[in-house]
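# Survey of secondary and tertiary structure
So you can see what is in the structure, the chains are spelled out below.
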Amino acid sequence: MKSSPPPPLSPYGVFTGTLFQYSSSPSLIAFESLPPPPNNNNNICKNKCILIGGLSDGPIPTPYTKLLETECHTLGWSLVQPVLSSSYLGFGHGSLARDSTEIGKLLEYLSAHHDAEQFALVGHSTGCQNSIHFLKHGQEDLVDKVKVVALQAPVSDRETEEDHSEFISHAQKLVAQQKGKEMMPRSAFWAPITASRYLSLLDVNGEDDFFSSDLTDEQLRERLGHVGEKKELDLIAVYSGKDEYVPSFVDKEVLLQRLVKAMNNGVEEEEDDDDGQVESGKGGNARGLMLEDANHNLYKSEGDGARFVSAVGKLLSRW
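Residues numbered from 1 in each chain as written. Predicted model: local features only at pLDDT ≥ 70, side-chain atom pairs only at ≥ 80, totals over all residues. Heavy atoms only, no water.

On to a nonpolar patch on the surface. A cluster of nonpolar side chains, contributed by Tyr-88, Leu-89 and Trp-190, occupies part of the molecular surface with about 370 Å² of accessible area. Along the chain, the position of Trp-190 falls in the loop between helix 5 (165–176) and helix 6 (195–202). (Patch = residues over 30% accessible without salt bridge, like charges linked within 9 Å, V, L, I, M, F, W, Y side chains within 5 Å. Areas by Shrake-Rupley, 256 points an atom, 1.4 Å probe, with all protein chains shown as cover. Salt bridge = Lys/Arg side-chain N within 4 Å of Asp/Glu carboxyl O. Helix = DSSP H or I, 4+ residues; strand = E, 2+ residues; numbered from the N terminus.)

Here is the structure:
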């Protein structure tokens, strides 16, 4: 019998570090890779970069994860990859509020047992909503330790070219009957999902509705304006020009500018002097970067992952 070829070596990289349990109820784990000497002091690293993936992701969520680890280590930061209750298919019965509580548990554990003093949050896709939500609703002393936030693919879940109105109506009826935890029909979504989470993702003004292009400037400021109120925070929002999850009717350049302006409480963005790309936020906490040829997770166009990681590294180096 002809044998099948072996599976490829871990496509997104091989990682060495420490696996630990940061919560016992529920039981949650995370993986930390420390920088090698001389960028750590007796395995003590006070700067922690937390990588948070999107829907259905777990650890090693993106093709640039290994590049990010290398950049973190060069700058004296460790990389931490958590498993949340919402990881993999757990998001279907979860919420941003639950995620923020668990991210808080992770940061509290790292502060108590891994010498953490400063944090960075790098969010991919729905990890962007997680990062924005935590900045507003997380435990204040832990939020104050977050110095850098990177949003990679901050896109709307509800803004699609498909019509979800029938299932939205069904979910609204369930929630009105106090049955928000009931599961939606299999045909409603590509993963098991409750009525409440379905509305959070796909209804106008849902809990996850931070980045939709049809929101007014005032609505965006209501959702994102708290970023500009942080005294010690650098944030970069990175949008992909060929993101397959953004419908064709969305002007990505304009939307990125509006998102950054909302985070900066009305400060207009300015062109970056280095390469002419949209890199904004002078006078505010947030800036934007458009990767013209990039797809959603930065794997299609050569160099996009490296360019994103380099932009994150510039912010990490300030701290």
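Read on for the rest.
Let's shift gears to the sheet that holds strand 3 (residues 47–52). Strand pairing in a sheet relies on backbone hydrogen bonds, with the paired strands running either antiparallel or parallel. The strand order across the open sheet formed by 8 strands is 1-2-4-3-5-6-7-8, and the pairing between neighbours is mixed. Two strands lie at the open edges of the sheet, namely strand 1 (18–24) and strand 8 (286–291), each paired on one side alone. When the angles between neighbouring strand axes are averaged without regard to direction, this sheet yields 20°. Here 6 bridges tie strand 3 to strand 5 (residues 118–124), and the two strands are oriented parallel to one another. (Pairing = 2+ DSSP bridges. Axes fitted to C-alpha atoms, helices over the stretch in contact; angles between N-to-C directions.)

On to the nonpolar core. Across soluble globular proteins, nonpolar side chains show a tendency to be buried alongside one another. Core analysis: the biggest nonpolar cluster contains 46 residues, and Ile-50, Leu-106, Leu-107, Val-146, Leu-224, Leu-235 and Met-263 have the highest contact counts within it. Take this core: its biggest share by element is 6 residues, from helix 8 (residues 252–263). Sequence-distant contacts of Leu-224, defined by excluding residues within four places in its chain, comprise Ile-132, Phe-210, Phe-211, Leu-259, Ala-262 and Met-263. Counting residues in hydrophobic clusters, the runner-up holds 23 residues, among them Leu-68, Leu-79, Ala-120 and Ala-294. (Core = buried A, V, L, I, M, F, W, Y, C linked by side-chain atoms within 4.5 Å. Buried < 20%, exposed > 50% of the residue type's maximum accessible area, 1.4 Å probe, protein only. Contact = heavy atoms within 4.5 Å.)

Moving on to the packing of helix 1 (residues 65–74) against helix 9 (residues 304–316). Relative to each other, helix 1 and helix 9 sit at 25°, their axes nearing to 9 Å. One finds that helix 1 runs roughly parallel with respect to helix 9. As for the relative orientation of helix 1 and helix 9, their crossing is right-handed in sense. Between helix 1, through Leu-67, Leu-68, Glu-71 and Cys-72, and helix 9, the contact on the second element is made entirely by Gly-305, Ala-306, Val-309, Val-312, Gly-313 and Leu-316. (Parallel < 35°, antiparallel > 145°, perpendicular 65-115°, else oblique. Left-handed = near helix turned anticlockwise from the far one by under 90°.)

The tally for this structure, following the rule as stated, stands at 7 aromatic pairs. Ring centres of Phe-20 and Tyr-109 lie 5.2 Å apart, and the angle between their planes is 10°; this geometry places the pair in the stacked category. Of the two residues, Phe-20 sits in strand 1 while Tyr-109 sits in helix 2 (residues 96–113), which places them 89 residues apart along the sequence. Ring centres of Phe-189 and Tyr-198 lie 6.3 Å apart, and the angle between their planes is 85°; this geometry places the pair in the edge-to-face category. A relative accessible area of 17% places Phe-189 in the buried class. By relative accessible area, Tyr-198 is classed as buried at 0%. Here the aromatic cluster, defined as three or more aromatic residues joined through ring pairs, consists of Phe-91, Phe-189, Trp-190 and Tyr-198. (Phe/Tyr/Trp six-rings, centres within 6.5 Å; stacked < 30°, edge-to-face > 60°.)

Note that every value here comes from positions in space, so none of it alone points to a role or purpose.
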